[in-house]
Amino acid sequence: MPKRKGKERSRMNFEGSKNNSITFRWLAHGVVAIYGAACLWLFYHQSIADLTVEGSIPYQSDLPLHISMAVQDHWAYSFTAYAYRFLSFICGGSTIGIALFLAVVSTLSIYATENLVCLLGKEKEKTWRTLALALSLNLVMPAYLRFVGEFRYVSYQSPNVWHNSTYVCMKLAALVTIWYYFKLADHYKKGLTAKEWVTFMLLNVLCTGIKPSFLLAFSPIMGLFLLIDLIRKVPILKILLFGSALLPSGLVILWQNAVLFGEDTGNGFGFQPWYSFSLHAAIPKLAVVCSALFCVLVVAATIWKDYQDRNYLFLLCMTALGFLEALCLVENGSRSVDGNFLWGYGFCLFMLFTICSVKCLAMKQEKAWLFVKMACVCVYGWHLWCGLYFFIRLVAGEGFFMR
């Protein structure tokens with residue numbers, strides 16, 4: 001009898017714990033829905049903002065310009081322009097369809113982040129904790145110090161952006177692309193199916209067509225890791241097949257290059273180290289550190305024991321390349337102060353925050369490791385607070401030039 005009662009009590013406790021997890025999961029979905037509604041409000045008001053107002057512009061963003069170029073000027077270098085034309089048409093010229101589209105994209109980015117968190121952390125199932133972590137990752141911003149950089153966003157480099165619609169869309173496509181890459185990288189040596197190759201190829205074309213920034217940081221590192229595999233005696237035909245999925249994306253970049261840097265545009269790009277980082281920061285080098293302070297601490301604490309984690313090394317190399325591109329390359333001509341080479345590094349930072357959050361949670365909770373873990377969690381909390389504060393003020397009507 002005592003054994004039967006013990007088994008029943010254990011079963012009841014398990015079922016109670018499972019029910020609690022399901023409840024918390026639904027609550028997490030509810031919080032994500034609130035975030036999506038806030039994004040809808042934000043993007044709609046950004047889409048109708050009057051950029052001709054002098055002084056501080058309520059809901060200032062790049063979105064009205066992107067819509068105007070696509071709908072009125074019929075000028076496009078991004079696939080989003082064609083989506084905006086279609087949505088504007090079916091909504092009778094209203095921007096509500098574009099705002100809803102961007103809000104849905106922002107919400108889906110959270111679930112795409114959760115998929116990546118589960119893959120990187122080898123989680124067997126999704127829980128409210130994985131969804132909460134994914135939501136927080138979509139809110140983190142640089143650790144703000146007024147004396148380092150006056151503006152909370154433009155003085156630093158941020159993993160999350162809400163004022164540039166092409167980045168918002170690229171982020172979702174890039175999250176799905178890199179998640180799928182990691183899945184294929186685990187077994188491509190045994191061969192890829194036609195469906196896998198075509199899917200990976202189309203994801204890269206879509207992501208590049210939205211914004212080329214991701215491919216510029218991703219493709220060289222993928223090539224580097226394929227070269228390492230070749231040295232390790234992986235059959236060259238398997239490597240060429242996997243790598244060839246990126247070739248159609250190169251054609252997209254050629255089209256974008258002709259539109260953005262053609263002879264008639266007067267635009268080009270050059271080599272000017274620290275130029276973009278120094279435009280709005282008082283102490284640019286410290287601003288770089290503050291932008292990724294949590295990641296710096298986690299990498300310093302874990303790289304020596306996790307250096308054989310292929311995905312970890314891939315994202316570290318990708319971030320390093322993205323940083324060098326943002327550090328050294330600038331556009332010449334009318335877009336010289338726009339800092340457009342920062343977009344790729346911004347997404348790389350998002351990837352770095354994601355893998356570092358997984359590494360932080362996996363740290364041991366004993367002796368010195370507990371102190372290191374708590375220090376990292378506190379710094380992550382600082383990043384998250386800065387992001388929440390920034391996002392709430394954006395939704396309330398401020399522009400991205402925010403102190």
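What you see is a predicted model, and the numbers here were worked out from it, not measured in a lab.

> So what's going on with the overall build of the protein chain? Residues and values would help.
Along its length, the protein chain carries 15 helices and 2 strands. Scaling as 2.2 N^0.38, a compact globule of 403 residues should have a C-alpha radius of gyration of about 22 Å, and the protein chain matches this with 22 Å. Scored against the burial criterion, the 403 residues of the protein chain give a buried share of 50%. Taking as baseline every contact in the protein chain between residues at least 6 positions apart, the subset at least 24 positions apart corresponds to 73%. Of note, the protein chain has its 34 positive side-chain charges centred 15 Å away from the centre of its 22 negative side-chain charges.

> Help me get a handle on the packing of aromatic side chains, residues and values and all.
Applying the stated criterion across every chain yields a total of 35 aromatic pairs. Look at Phe294 and Tyr380: their rings are 5.0 Å apart centre to centre, the planes differ by 65 degrees, and that puts the pair in the edge-to-face class. Placement of Phe294 in helix 12 (residues 293–302) and of Tyr380 in helix 15 (residues 367–395) is noted, with a sequence separation of 86 residues between them. By relative accessible area, which is 12% here, Tyr380 ends up buried. Over the aromatic face of Trp369 sits the side chain of Lys305, whose NZ or CZ is 5.5 Å from the ring centroid.

> Lay out the side chain of Ser78 with the relevant residues and their values.
Relative to the helices and strands, Ser78 resides in the loop between helix 2 (63–72) and helix 3 (79–90). Note on Ser78: relative accessible area 2%, which makes it buried. When sequence neighbours within four positions are dropped, the list of residues in contact with Ser78 reads Thr166, Gly209, Ile210 and Trp255.

> Account for the nonpolar core, with residues named and values stated.
Judged by nonpolar contacts, the single largest core of 120 residues is most densely connected at Phe218 and Phe314. Ranked by residue count, the leading element in this core is helix 6 (residues 165–185), at 14 residues. Beyond its immediate sequence surroundings of up to four residues, Phe218 is in contact with Ile178, Tyr181, Phe200, Asn204, Leu246, Phe314 and Met318.

> Describe the pattern of salt bridges, listing the residues and the values that go with them.
Under the definition given, this model contains 7 salt bridges. For Asp306, the salt bridge is made with Lys305, and the minimal N-O distance between the two is 3.5 Å. With a relative accessible area of 39%, Lys305 lands in the partly exposed category. When the shortest N-O distance is used, the salt bridge between Glu398 and Arg393 registers 2.7 Å.

Rules behind the numbers
Residues numbered from 1 in each chain as written. Predicted model: local features only at pLDDT ≥ 70, side-chain atom pairs only at ≥ 80, totals over all residues. Heavy atoms only, no water. Helix = DSSP H or I, 4+ residues; strand = E, 2+ residues; numbered from the N terminus. Rg over C-alpha atoms; globule rule 2.2 N^0.38 Å. Buried < 20%, exposed > 50% of the residue type's maximum accessible area, 1.4 Å probe, protein only. Contact = heavy atoms within 4.5 Å. Lys, Arg positive; Asp, Glu negative; His and termini not counted. Charge placed at Lys NZ, Arg CZ, Asp CG, Glu CD. Phe/Tyr/Trp six-rings, centres within 6.5 Å; stacked < 30°, edge-to-face > 60°. Lys NZ or Arg CZ within 6 Å of the ring centre and 35° of its normal. Core = buried A, V, L, I, M, F, W, Y, C linked by side-chain atoms within 4.5 Å. Salt bridge = Lys/Arg side-chain N within 4 Å of Asp/Glu carboxyl O.

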